[in-house]
Amino acid sequence: MHAQRRNSTKKLATLGFDELRLQVGRGAAPADTDRTTWFRFAPTITDEMRAADVVISHAGAGSILEALELGKRLVVCVNEELMDNHQAELAKALEARGHVVVSGVDDVAGALQRVVATRPAPYERGDAAPFRALVDNELQTRRQCLIC
């Protein structure tokens, strides 16, 4: 086993985790261990999230909100290479409210320690009705556009 993976496995055990379940998509398949299992894709990630004690996710809005609505402790890894990084903005705003722990890919172990040591603030889904009403109103307003 690679030295970094051995250290990660020890760190997980120290934090009380007995399994690491990975979604690898089209990425390289990790080596199987007694504590690591993986899959490429699932029809829905909800069942996988529901079974987890802690979710480590990229900072996409859908993934974050799904984990929060399930009441999961959440580590959010931001892709710093994105231009106009809306993922970083969302992750930092949710961290400031106490809902998530934000991490770079190099500090996931530290982020896991932080998320296990804290109690996340409860997440309450917002009311979408005002936004729906705004969109409905805009779609019903007749407008004309002239291109010359």
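Structure's up top.
Every value quoted in this text rests on a predicted model; they were computed, and no experiment measured them.

S.K.: Please clarify how the nonpolar core should be interpreted in this entry.
M.R.: In a soluble, globular protein the nonpolar side chains are often hidden away together inside. In this structure, Ile64, Leu74, Val76 and Val100 are the most contacted members of the largest nonpolar core, which totals 15 residues. Taken together, the elements giving at least two residues each to this core come down to helix H3 (61-69), strand S4 (73-77) and helix H4 (86-96). Formed by eight residues, the second largest nonpolar core is a distinct cluster that contains Leu12, Phe17, Val54 and Val75.

S.K.: Would you mind going over a nonpolar patch on the surface with me for this structure?
M.R.: A cluster of nonpolar side chains, Phe131, Leu134, Val135 and Leu139, forms an exposed patch at the surface whose accessible area comes to about 420 Å². Of note, valine 135 is situated in helix H6 (residues 129-140).

S.K.: I keep staring at the side chain of glutamine 87 and nothing clicks. Help me out?
M.R.: Among the structural elements, glutamine 87 can be located in helix H4. In this view, glutamine 87 contacts His58, Ala59, Gly60, Val78, Asn79 and Leu82; residues no more than four positions away in its chain are not counted.

S.K.: In this structure, what is going on with the side chain of serine 103? I would like to understand it.
M.R.: When you line up the elements, serine 103 lands in strand S5 (residues 101-103). Separated by 3.2 Å, the side chain of serine 103 and the backbone oxygen of aspartate 107 make a polar contact. If we skip the residues at most four places from it in the chain, serine 103 touches Val75, Val76, Cys77, Val78, Val108 and Ala111.

S.K.: Looking at this model, I keep getting lost on the pairing of strand S3 (residues 54-58). Mind explaining?
M.R.: Sheet faces and side chains relate simply in a regular strand, where the side chains alternate between the two faces. Here S3 runs beside S4; their pairing, made up of five bridges, is parallel. If you follow histidine 58 over to S4, its bridge partner there is cysteine 77. Handedness of the crossover joining S3 and S4 through H3 is recorded here as right-handed.

S.K.: Would you explain the sheet that holds S3 in this entry?
M.R.: Adjacent strands of a sheet pair through backbone hydrogen bonds, lying either parallel or antiparallel. Strand order in the open sheet made by the three strands is S3-S4-S5, with parallel pairing throughout. The open sheet terminates on both sides in strands that have one partner only, identified here as S3 and S5. Strand-to-strand twist across the sheet, computed as the mean angle between neighbouring axes with direction ignored, equals 25°. Together, S3, S4 and S5 form the strand contacts of H4, whose direction differs from that of S5 by roughly 145°.

S.K.: What's the story with the pattern of salt bridges in this structure? I'm lost.
M.R.: Oppositely charged side chains are able to pair whenever their charged atoms sit close together. Per the counting criterion, the structure on display carries four salt bridges. The partner of glutamate 48 in a salt bridge is arginine 21, with the nearest N and O atoms 3.0 Å apart. Placement of glutamate 48 in helix H2 (residues 46-51) and of arginine 21 in strand S1 (residues 20-23) is noted, with a sequence separation of 27 residues between them. Note that arginine 50 is salt-bridged to aspartate 47, the shortest N-O span being 3.2 Å. Separated by three residues within a single helix, arginine 50 and aspartate 47 lie in helix H2, roughly one turn from each other.

S.K.: Honestly, the environment of arginine 114 in this entry has me stumped. Any pointers?
M.R.: Tracing the backbone shows arginine 114 in helix H5 (residues 108-117). Taking the C-alpha atoms as reference points, arginine 114 and valine 101, 13 residues apart in sequence, are found 7.2 Å from one another. If we skip the residues at most four places from it in the chain, arginine 114 touches Val101, Val102 and Asp107. Of note is the side chain of arginine 114, whose polar atom sits 3.3 Å from the backbone oxygen of valine 102.

Cut-offs applied
- Residues numbered from 1 in each chain as written.
- Predicted model: local features only at pLDDT ≥ 70, side-chain atom pairs only at ≥ 80, totals over all residues.
- Heavy atoms only, no water.
- Core = buried A, V, L, I, M, F, W, Y, C linked by side-chain atoms within 4.5 Å.
- Buried < 20%, exposed > 50% of the residue type's maximum accessible area, 1.4 Å probe, protein only.
- Helix = DSSP H or I, 4+ residues; strand = E, 2+ residues; numbered from the N terminus.
- Patch = residues over 30% accessible without salt bridge, like charges linked within 9 Å, V, L, I, M, F, W, Y side chains within 5 Å.
- Areas by Shrake-Rupley, 256 points an atom, 1.4 Å probe, with all protein chains shown as cover.
- Salt bridge = Lys/Arg side-chain N within 4 Å of Asp/Glu carboxyl O.
- Contact = heavy atoms within 4.5 Å.
- Polar contact = N/O pair within 3.5 Å; in protein donor to acceptor, adjacent residues only side chain to side chain.
- Pairing = 2+ DSSP bridges.
- Right-handed = clockwise from strand over helix to strand, strands pointing away.
- Axes fitted to C-alpha atoms, helices over the stretch in contact; angles between N-to-C directions.

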